[in-house]
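Listed below, chain by chain, are the residues.
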Amino acid sequence: MSIDNETPVKEQQIAGLFIEFENGTTEQEVKTILENSNIPVNYSIDYNTDISAGRNYAKVEKDKKTAVVDEFKKGEKIPEPDFPPDIKKGDYYIVVSSIGFEDENFLNVMKRNNLQVKMTTICYVSFGNEPNNWIPESEAIRIRNELEANEKVFIVNFDGVAY
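Each value, and the rule that gives it
Residues numbered from 1 in each chain as written. Predicted model: local features only at pLDDT ≥ 70, side-chain atom pairs only at ≥ 80, totals over all residues. Heavy atoms only, no water. Core = buried A, V, L, I, M, F, W, Y, C linked by side-chain atoms within 4.5 Å. Buried < 20%, exposed > 50% of the residue type's maximum accessible area, 1.4 Å probe, protein only. Contact = heavy atoms within 4.5 Å. Helix = DSSP H or I, 4+ residues; strand = E, 2+ residues; numbered from the N terminus. Arc of directions from axis to C-beta. Salt bridge = Lys/Arg side-chain N within 4 Å of Asp/Glu carboxyl O. Phe/Tyr/Trp six-rings, centres within 6.5 Å; stacked < 30°, edge-to-face > 60°.

**Q** Even after reading the chapter, I still don't get the nonpolar core, so can you show me in this structure?
**A** Note that soluble globular proteins tend to have their nonpolar side chains buried in a common cluster. Core analysis: the largest hydrophobic core is formed by 19 residues, its most contacted members being Leu 17, Ile 19, Phe 21, Leu 34, Phe 127, Leu 147 and Val 153. Once you skip the residues sitting within four places of it in the chain, Leu 34 turns out to touch Ile 19, Ile 39, Tyr 43, Ile 45, Val 125 and Leu 147.

**Q** Can you help me understand helix H1 (residues 27-35) in this one?
**A** For an α-helix, 3.6 residues make a turn, and residues three or four places apart therefore share a direction. Those residues of H1 that sit buried are Val 30, Ile 33 and Leu 34. For H1, the angular spread of buried residues about the axis comes to 95°, placing them on one side. On its buried face, H1 is in contact with strand S2 (16-21), strand S3 (44-46), strand S8 (121-126), helix H4 (137-148) and strand S10 (153-159).

**Q** Before we go on, may I ask you to explain the pattern of salt bridges in this structure?
**A** Side chains that differ in sign of charge can pair as their charged atoms come close. Throughout the structure, instances matching the rule amount to five salt bridges. A salt bridge links Lys 59 to Glu 22, with the shortest nitrogen-to-oxygen separation between them at 2.9 Å. Here Lys 59 is found in strand S4 (residues 56-61), whereas its partner Glu 22 is found in the loop between S2 and H1, with 37 residues between them in sequence. Lys 59 gets classed as partly exposed once you look at its relative accessible area, which sits at 34%.

**Q** What is the right way to look at the packing of aromatic side chains in this model?
**A** By convention here, two paired aromatic rings are described through the distance between centres and the angle between planes. Inspection of the entire model under this criterion finds two aromatic pairs. For the ring pair Phe 18 and Tyr 124, a centre distance of 4.7 Å and an interplane angle of 45° mean the geometry is tilted. In this pair, Phe 18 is assigned in strand S2 and Tyr 124 in strand S8, connecting sequence segments 106 residues apart. Among the residues examined, Phe 18 registers a relative accessible area of 17% and is labelled buried. Taking the relative accessible area as the measure of exposure, Tyr 124 reaches 12% and is therefore buried. Taking the centre distance of 4.8 Å and the plane angle of 70° together, the rings of Tyr 57 and Phe 154 count as edge-to-face.

Written as structure tokens, this is what we have:
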């Protein structure tokens, strides 16, 4: 069996980015953040899009995160929110959930811990309708890492992955 070392492996191409921003991030702030992220192609921005629903989140001080997460997990009827350890912003962790923040038990936990529930602002960045306008996944990963380093950017997801 021989290995083909000459045929290049085609990298996945990304058509766009779904970016979740902190609640209250203005359209101008979004534009400025994107302008500073060295995106190598032309793109368009759908600010506060309805293509994808925003997620509920709360900012939890880093020294209180473990206690709050433990309290969330005690409630039987509380839907399991996401607690990704990588959403750390300054002295806070961002606790994100697509469901559950309307649950009474969950809201009681939030109230006891003096946490305010907010909704992320979703923006869609499109690199165009044609695959020749899309960017390689490696470039999209670089952009995601750069964007997620910004205090106002919580999560960046890829859209339109194709070969």
